[in-house]
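One letter stands for each residue in the lines below.
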Amino acid sequence: MSSAAETGQAATLPEALAEPVVPVRGTWTTLLFLANLGLWLGIYAPIQVLLPKQAELLAAGHKEAVFGLVTGIGAAVSVIANPTIGLLSDRTTSRFGRRHPWTVAGALLGAVGLLLLSQAPNITVMTIGWCLVQAGLNGMLASLTSAVPDRVPVSQRAKVGGFIGISQMLGTVLGALVVTVVVTSLPGGYAACAVLVVLVALAFVLFTRDAPLPRRVRSRARGAAFRPGRRVREVVANLWISPREHPDFAWAWGCHFMINLGNAFGTLYLLFFLKDAVHYPDPDTGLLIMMALYGAALTVGALGVGWLSDRSGRRKPYVLLSSAVMALAAVLLVVWPTWPAALVAAPLLGVGFGAYWAVALALLTQVLPAAADRAKDLGVVNIANSLPQVIAPLLTTGVLAYLGGYRGLFAVSALATLAAGALVTKVRSVS
């Protein structure tokens, strides 16, 4: 009788909160891929190329400190924006859906920030512009990421996750290509990123459906009436996810954080590494070559492991493999910090990170506490993407000064990724 009652309640669950069972089509996956591609291009083209150059123009003698300050403050903004906007989208009852309005708003705010950066005359305006970019694009990230558990069945999630991982990589590579080859001026590079971010966001919103949330529904997962929350105190309280009540979510979050921290240590300062440690004659071109190798390997890792993971239904063995491969790439640069070593390390890091991203989203969406809070909970997950951008620049200055320069930095990167592998073994509900 109890089972029948639960079945009846599940049948009345609104589409926006129901567990998806119909496989998504290739068109939907392609549009999501393009939206994510534009988003990551808007974030990583500045981080990899434009912001370091701007820091050098505005404060040549303190470029590392300025770059670290601006990216650190911006990442702190993203830590707040991502789960908060995710929570608001969970409670949005617009007839256009829960996610689409925030995707468009985030893209527009990010574009405003990029255009402000293009004209920034000093470090203060540069910081404000980057904070707007991080707030807007992390809001867009919260809404796009939640589309996966909203629309994609569990049996498809590693494949879709693989494409999302490729979009992050390709956004990085295309971003570097756009701002170093296609548009070579600093203002033009920022403007090109702004236009691309808005175009791909509009394409996803206009050509995909987003199920609207009824104004008052019953969520069996929460056991209470689900209503849009309006008080700040309620919003803050709802952002917390208890590690004691949801230990698997906590362990998976820790793994995701450490992987991204290791990746941040290994990639944020590559331009300076090529210029100051390797002494490569053309650092911009060198970075582009590394990113191309990284991207090709990431694609192979993401698609191959995504297919294997969905076929086997297993996630953790592939996380362990990816953390080991990424650590190996970092150790190679510790032992041999040269241009030839960088050409080997880049594809190793790429295949490892691609393999991780293919299974990460599948694993993380399988340990979410409640369907009613998917975007908020994934916003908390996305803090594990953003927080390393705060911590890594703050720690890197000390690592470079006191722990052996770039050798020490890559050693710390290797330790962080190995720690991620140890943490994922604690997850019990996913094999």
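Small disclaimer: the values here were computed from a predicted structure and weren't measured. (Residues numbered from 1 in each chain as written. Predicted model: local features only at pLDDT ≥ 70, side-chain atom pairs only at ≥ 80, totals over all residues. Heavy atoms only, no water.)

Undergrad: Please set out the overall build of the chain residue by residue, giving values where relevant.
TA: Summing up its helical and strand segments, the chain has 15 helices and 2 strands in all. For 431 residues, the compact-globule estimate of 2.2 N^0.38 gives 22 Å, and the chain sits close to it at 21 Å. Counting only C-alpha atoms, the chain reaches 75 × 45 × 40 Å along its principal axes. Taken across its 431 residues, the chain has 58% of its residues classed as buried. Within the chain, contacts between residues at least 6 apart in sequence are counted, and of these 84% link residues at least 24 apart. Just so you have it, the chain exposes about 17100 Å², and 68% of that area is on carbon and sulfur atoms. Positive and negative charge centroids in the chain, built from 31 and 17 side chains respectively, lie 7 Å apart. (Helix = DSSP H or I, 4+ residues; strand = E, 2+ residues; numbered from the N terminus. Rg over C-alpha atoms; globule rule 2.2 N^0.38 Å. Buried < 20%, exposed > 50% of the residue type's maximum accessible area, 1.4 Å probe, protein only. Contact = heavy atoms within 4.5 Å. Areas by Shrake-Rupley, 256 points an atom, 1.4 Å probe, with all protein chains shown as cover. Lys, Arg positive; Asp, Glu negative; His and termini not counted. Charge placed at Lys NZ, Arg CZ, Asp CG, Glu CD.)

Undergrad: Hey, could you go over empty space enclosed by the protein for me, with residue numbers and the actual values?
TA: Scanning the model with the defined rule gives 7 cavities of 30 Å³ or more in all. Along the walls of the largest cavity sit 17 residues, with Gly266, Ala329, Leu333, Ala345 and Leu349 positioned nearest its centre. Those elements that place two or more of their residues in the lining of the largest cavity are helix H9 (247–267), helix H11 (283–312), helix H12 (316–335), helix H13 (339–366) and helix H15 (405–424). By residue number, the principal contributor to the lining of the largest cavity is H12, which donates 4 residues. Split by residue class, the lining of the largest cavity holds 12 nonpolar, 5 polar and no charged. (1 Å grid on protein atoms, 1.4 Å probe; cavity = no way out; pocket = protein on both sides within 12 Å on 5 of 7 lines; lining within 4 Å. Points joined across faces, edges and corners; volume = space filled by probe spheres on them. Nonpolar A, V, L, I, M, F, W, Y, C, P; charged D, E, K, R; others polar.)

Undergrad: Before we move on, could you go through the packing of helix H6 (residues 157–182) against H11 and cite the residues and values that matter?
TA: Where H6 meets H11, the closest approach of the two axes is 8 Å, and the angle between their N-to-C directions is 170°. Relative to H11, the element H6 is oriented roughly antiparallel. For the contact of H6 with H11, the residue count by class is 16 nonpolar, 8 polar and 3 charged. (Axes fitted to C-alpha atoms, helices over the stretch in contact; angles between N-to-C directions. Parallel < 35°, antiparallel > 145°, perpendicular 65-115°, else oblique.)

Undergrad: I'd like a rundown of unusual backbone geometry, residues and numbers included.
TA: Even without being a glycine, His279 presents a positive backbone phi close to 60°. Turning to its location among the elements, His279 is positioned in the loop between helix H10 (270–277) and H11. For His279, a relative accessible area of 58% corresponds to the exposed category.

Undergrad: Hey, could you go over the nonpolar core for me, with residue numbers and the actual values?
TA: With 121 residues, the main nonpolar core has Leu32 and Leu51 as its most contacted residues. Take this core: its biggest share by element is 17 residues, from helix H2 (residues 26–58). The contacts of Leu51, once residues within four sequence positions are left out, are Pro46, Phe67, Val70, Thr71, Leu117, Met126, Trp130 and Tyr190. Ala16, Leu17, Ala211 and Ala372 belong to the second-largest nonpolar core, a separate cluster that totals 5 residues. (Core = buried A, V, L, I, M, F, W, Y, C linked by side-chain atoms within 4.5 Å.)

Interpretation note: all reported values are geometric properties and have no functional meaning in isolation.
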